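Listed here are the chains, written in short residue letters.
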Amino acid sequence: MPAAPRRRLLRFGPLAEPVRFTDCEELIEPLLSIFHGWDIADVSDSPAAAPAMRLARTRDGYRRVSKWRNTSGLAREKIRATVVEAICGFHFEFIDWYAEEHDQQLHIHGAAAEFDDGLVVFPAVQRAGKSTLSVQLASQGHRLFCDDVLPIEIESGLGIALGIQPRLRPPIPADAGEAFHEFVAARQGPTRRNRMYVQLRADEIAEFGETAPIIGLVLLDRTTEREAGLTPISEAEALETLILQNFAREAPPADILETLHRVVAGARCVRLTFGNVVQAGQLLEDAFRSSGTARRTGEVRTTNSVVSPATPYDRGAGVSLREIDGSLFLAQADTGAVFKLNETGTALWKLMASGTSVEDAVTVFLTAFPDLEPEEMTEEIHELYEDLLDAQLF
């Protein structure tokens, strides 16, 4: 008779449902090692709800099944061949699970490190090295808050530590320097080929749930073709980046826009151009030490709507707005969408909001720009009106 499967149920902090592990004791310890500050309890002997995720060792590897959280009754299933691959898969699914259970938070794809006065956040840019930079900053004495996703409280705008160790993609660049290589080697966690967790020590990573204000937003530009340095960016560019990197869509669009605008308005917003992480770490050290943290002083969707030339229009129900650096950001509560209008779109919005018809708007634009071709201007104005109507902004 085959032996009964060995099962354990673990509950992770505030998450409502447990995770079930079957015949994979060798997976549990390294998986739990990537969590810092979480209250993880063994509830195997307690009556419990159906597990949110189930992991089991099979002949082909580690099978993970989780209910598709946005569609009742459906499930998604993955098999990973090795322990490290199984941990990485669990890690990504875990963040989705956490985000769905915390709908009073926004969740920004990016990294964050703690400086004297608060957090410096690096919104995700493809292959820009945010995780490597995060570990570099930890080696300089700045606690890591996250290297992949930063939760932000909607009410306060504070960043929240997720309490998950950073993950690098070996090989580590040679130009990272000997000190960085030694720092990582002394803290090497679960590793396989191009996946390596770095086991930061207790004073190098914030515990899950710790909060801090956001004092800096840094867009990363990794290149050796331009001079290294920090250059200011507009609030509009910073806000647009945060909107694009936020994957929490449960909150009302107006709350998303208000919270992210408040974050941007209270932060120093810059672009960091750098060639290696040692260089980047020093630039950030110089910029965000206590004396340097003082705050610095039509793109819409396509359309199928029909515009009546002589009809005045009113602002759509549930539309809220913020104007920053000549660009207008609009949130549509009914559709859950957030839009950015360029200067032309912003000017047209203001005309529409005052009850101006298409015919009158064309007249205003032709008066303001007499060198433009009337036919082209008329066509462009019609298209912009149609775009705004299609987006339910009017």
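Predicted model, so just to flag it, every value in this text is computed and none were measured. (Residues numbered from 1 in each chain as written. Predicted model: local features only at pLDDT ≥ 70, side-chain atom pairs only at ≥ 80, totals over all residues. Heavy atoms only, no water.)

Chemist: Can you walk me through the overall build of the protein in this structure?
Modeler: Secondary structure summary: the protein contains ten helices and 21 strands in total. Taking all 394 residues of the protein together, 50% fall into the buried category. Carbon and sulfur atoms make up 47% of the accessible area of the protein, which amounts to about 18500 Å² in all. (Helix = DSSP H or I, 4+ residues; strand = E, 2+ residues; numbered from the N terminus. Buried < 20%, exposed > 50% of the residue type's maximum accessible area, 1.4 Å probe, protein only. Areas by Shrake-Rupley, 256 points an atom, 1.4 Å probe, with all protein chains shown as cover.)

Chemist: Help me out: how do you make sense of the packing of aromatic side chains in this one?
Modeler: To describe a pair of aromatic rings, one takes the distance between the centres and the angle between the planes. What the rule picks out here adds up to 13 aromatic pairs. Look at Phe-35 and Trp-38: their rings are 5.8 Å apart centre to centre, the planes differ by 80°, and that puts the pair in the edge-to-face class. Taking 5.7 Å as the distance between ring centres and 80° as the angle between the ring planes, the aromatic pair formed by Phe-94 and Trp-97 counts as edge-to-face. In this pair, Phe-94 and Trp-97 are both assigned in helix H2 (residues 83-101), three residues apart and thus about one turn of the helix distant. In this structure, Phe-94 and Trp-97 share a single accessibility class: buried. Among the aromatic side chains, those forming a connected cluster through ring pairs are Phe-12, Phe-35, Trp-38, Phe-90, Phe-94, Trp-97, Tyr-98 and Phe-208. The ring centre of Phe-288 lies 5.6 Å from the NZ or CZ of Arg-268, which sits over that ring. (Phe/Tyr/Trp six-rings, centres within 6.5 Å; stacked < 30°, edge-to-face > 60°. Lys NZ or Arg CZ within 6 Å of the ring centre and 35° of its normal.)

Chemist: I'm lost on the pairing of strand E13 (residues 188-192) in this one. Help?
Modeler: In the case of a regular strand, side chains alternate between the two sheet surfaces. One ladder, built from three bridges, connects E13 with strand E14 (residues 195-198); its direction is antiparallel. Pairing of Thr-191 across the sheet is with Met-196, part of E14. Hairpin connection from E13 to E14: two residues lie between these consecutive antiparallel strands, with Arg-193 at a positive phi of about 50°. (Pairing = 2+ DSSP bridges.)

Chemist: Honestly, the sheet that holds E13 in this entry has me stumped. Any pointers?
Modeler: The strand order across the open sheet formed by three strands is E12-E14-E13, and the pairing between neighbours is antiparallel. Either end of the sheet is taken by a strand with one partner, and the two such strands are strand E12 (167-168) and E13.

Chemist: Looking at this structure, I do not really get the nonpolar core. What am I missing?
Modeler: A general feature of soluble globular proteins is that nonpolar side chains tend to end up buried together. Leu-150, Ile-214, Leu-217, Leu-239 and Leu-260 are the most contacted members of the largest nonpolar core, which has 33 residues in total. Taken together, the elements giving at least two residues each to this core come down to strand E7 (105-115), strand E8 (118-123), strand E9 (144-146), strand E10 (149-153), strand E16 (214-222), helix H5 (235-245), helix H6 (253-265) and strand E20 (327-332). Once residues lying within four places of it in the same chain are set aside, the contact partners of Leu-217 are Val-121, Ala-238, Leu-242, Val-263, Val-264, Ala-267, Arg-268, Cys-269 and Val-270. Core analysis: the second largest hydrophobic core is formed by 30 residues, Ala-52, Met-53, Ala-86 and Phe-208 among them. (Core = buried A, V, L, I, M, F, W, Y, C linked by side-chain atoms within 4.5 Å. Contact = heavy atoms within 4.5 Å.)

Chemist: Sorry, what's going on with unusual backbone geometry here?
Modeler: Leaving glycine aside, a negative phi is the common case for residues, and trans is the common case for peptide bonds. For the peptide bond that leads from Pro-170 to Pro-171, omega is 0°, which places it in the cis range. Despite not being glycine, Asp-23 has its phi angle at roughly 55°, a positive value. Tracing the chain through its elements places Asp-23 in the loop between strand E2 (19-22) and helix H1 (25-32). By relative accessible area, which is 23% here, Asp-23 ends up partly exposed. Even without being glycine, Arg-193 reaches a positive phi, approximately 50°.

Chemist: How should the sheet that holds E20 be read in this particular structure?
Modeler: Think of a sheet as strands paired side by side through backbone hydrogen bonds, with each pair either parallel or antiparallel. Spatially, three strands are ordered E19-E20-E21 in an open sheet, and the strand pairing comes out antiparallel. Each edge of the open sheet carries a strand with a single partner, namely strand E19 (319-324) and strand E21 (337-341). Taken pair by pair, the neighbouring strands of this sheet meet at an average axis angle of 20°, ignoring direction. (Axes fitted to C-alpha atoms, helices over the stretch in contact; angles between N-to-C directions.)

Chemist: Honestly, the pattern of salt bridges in this entry has me stumped. Any pointers?
Modeler: Opposite charge on two side chains permits pairing when their charged atoms draw close. Under the defined criterion, the tally for this structure stands at 13 salt bridges. Among the salt bridges present, the one from Glu-25 reaches Arg-8, with a minimum N-O distance of 3.3 Å. You can see Glu-25 sitting in helix H1 and its partner Arg-8 sitting in strand E1 (residues 7-12), a full 17 residues away along the chain. Glu-210 is the salt-bridge partner of Arg-143, the closest N and O atoms lying 2.8 Å from each other. Here the residue Arg-143 occupies a position in the loop between helix H3 (130-139) and E9, and Glu-210 occupies one in the loop between E14 and strand E15 (211-212), the gap between them amounting to 67 residues. A residue is classified by how much of its surface remains accessible, and Glu-210, at 27% relative accessible area, is partly exposed. In the salt-bridge network here, residues are joined through shared partners; they are Arg-8, Glu-25 and Asp-42. (Salt bridge = Lys/Arg side-chain N within 4 Å of Asp/Glu carboxyl O.)

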